[in-house]
Amino acid sequence: MMVLLSLLRLGEGAYGVPVTNEIEKQSGRSVAVGSVYAALERLERKGLITSRWGAPTAERGGRAKKHFSVTAGGLKELRQAQKTLINLWKGLPELKG
Amino acid sequence: MNKNTSGEPPRIATWFLAAFGCSPDNDAIAGDLTECYRAGRSRGWYWWQTLVAIVVGLSQEARRNKLLAARCIGVGSVLAIVFSELLQRVLIPHSIITSLRFVSPMFSMLLIVACAASIHLGKAMASLHSNYRRAFAVLYVISFCSTLYICWITTLLTAAPARTTSHVILGGFINYLWVLRALSGSNLFTTRMAR
């Protein structure tokens, strides 16, 4: 869900580096680039995101970027998850400690 | 840690990722790591990310093809045990084996021969799994080397030939432990390195 939300926040053309940075910024923890790609690959396999290859650039040692974007199915899944979380939080006593 | 804002990322780490990285997005990962390194990340960060990417890619492929992974580990372990047995029973007398020390040239030579043999066998194994060539060759070589190493260490530590069933069971057990550990879910937050 964190990866999906990061993709939404970044908008069109998001790729590995900004997604990793966004998760690190929002969570305050270090994130492995390889783990982000593993999550992205799982999401793509489920049809929640799509990807396309960009052009190779010199700053990346001549390697291309892989851009990701959320599909309609991904948005539906996110809305469902949001609803579930809101319902789960409802009626809980205030967290202490 | 040394910061490097313009130079090339560590060559050996880049080679490791190109040679052992099993993720379908290996090229994109390598590009991202290079971009981050040139943006000021440290050499330690680059190395750590490379190793994590290799492990995550490997476990991802193994999880996707559990049966093939189990077969590779099984074959690797069995071949290592057979190789170790052959070495200790036929090729080298037990008295010489037990007199070896970890730092002796003989022990080092045996390790090099074993690693070279395992890489060649790994290539043969990989040709059987052409769709997942790299992942299963790496998995096989790791399981071969680790089982062989465990067999020999046990022999040297206990000063007894590694022909007892307990050695074999121990070797196999430790081998499967690390595989289980590797396959037990991937976590986004796997690095604690300085940025």
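Please read all numbers here as calculations on a predicted model, not as lab measurements.

Undergrad: Please give an account of the pattern of salt bridges that cites residues and values.
TA: Scanning all chains against the criterion turns up nine salt bridges over all chains. Here A:Lys66 and A:Glu44 are joined by a salt bridge, their closest N and O atoms 3.9 Å apart. With A:Lys66 in strand β2 (residues 63-70) and A:Glu44 in helix α3 (residues 33-45), the pair connects residues that are 22 residues apart, well separated along the chain. Its relative accessible area of 8% is what places A:Lys66 among the buried residues. Judged by relative accessible area, A:Glu44 falls into the partly exposed class, the value being 27%. Between A:Arg60 and B:Asp32 there is a salt bridge; the shortest N-O distance is 2.6 Å. Here the residue A:Arg60 occupies a position in the loop between β1 (49-57) and β2, and B:Asp32 occupies one in helix α2 (residues 26-38), the pair thus bridging two chains. Its relative accessible area of 0% is what places B:Asp32 among the buried residues.

Undergrad: I'd like a rundown of the pairing of β1(A), residues and numbers included.
TA: Residues and elements named next belong to chain A. Sheet topology note: the β1/β2 ladder contains seven bridges and is antiparallel. When the bridges of β2 are listed, Ile 49 appears paired with Val 70. Linking β1 to β2, which pair antiparallel, is a turn of five residues; within it Gly 61 sits at a positive phi near 70 degrees.

Undergrad: Break down a nonpolar patch on the surface for me, citing the residues and quoting the values.
TA: Residues and elements named next belong to chain A. A cluster of nonpolar side chains, namely Met 1, Leu 5, Leu 8, Leu 75, Leu 85, Leu 88, Trp 89, Leu 92 and Leu 95, defines an oily patch on the protein surface of about 890 Å² accessible area. Broken down by element, the nonpolar patch gets its largest block of residues, four residues, from helix α4 (residues 72-89). Topologically, Leu 92 is positioned in the segment after α4. For Leu 92, a relative accessible area of 47% puts it in the partly exposed group.

Undergrad: So what's going on with the interface of chain A and chain B? Residues and values would help.
TA: With 32 residues of chain A at the contact, the number on the chain B side is 31 residues. For the pair chain A and chain B, the summed buried area comes to about 2700 Å², and 52% of that belongs to carbon and sulfur atoms. Applying the counting criterion to the chain A and chain B interface returns five salt bridges. With a closest N to O distance of 3.2 Å, A:Glu24 and B:Arg41 form a salt bridge. Looking at the side of chain A that touches chain B, the elements with two or more residues in it are α1 (2-10), α2 (16-27), α3 and β2 of chain A.

Cut-offs and rules
Residues numbered from 1 in each chain as written. Chains lettered and ligands numbered in written order. Predicted model: local features only at pLDDT ≥ 70, side-chain atom pairs only at ≥ 80, totals over all residues. Heavy atoms only, no water. Salt bridge = Lys/Arg side-chain N within 4 Å of Asp/Glu carboxyl O. Helix = DSSP H or I, 4+ residues; strand = E, 2+ residues; numbered from the N terminus. Buried < 20%, exposed > 50% of the residue type's maximum accessible area, 1.4 Å probe, protein only. Pairing = 2+ DSSP bridges. Patch = residues over 30% accessible without salt bridge, like charges linked within 9 Å, V, L, I, M, F, W, Y side chains within 5 Å. Areas by Shrake-Rupley, 256 points an atom, 1.4 Å probe, with all protein chains shown as cover. Contact = heavy atoms within 4.5 Å. Buried area = accessible area lost by both parts, 1.4 Å probe.

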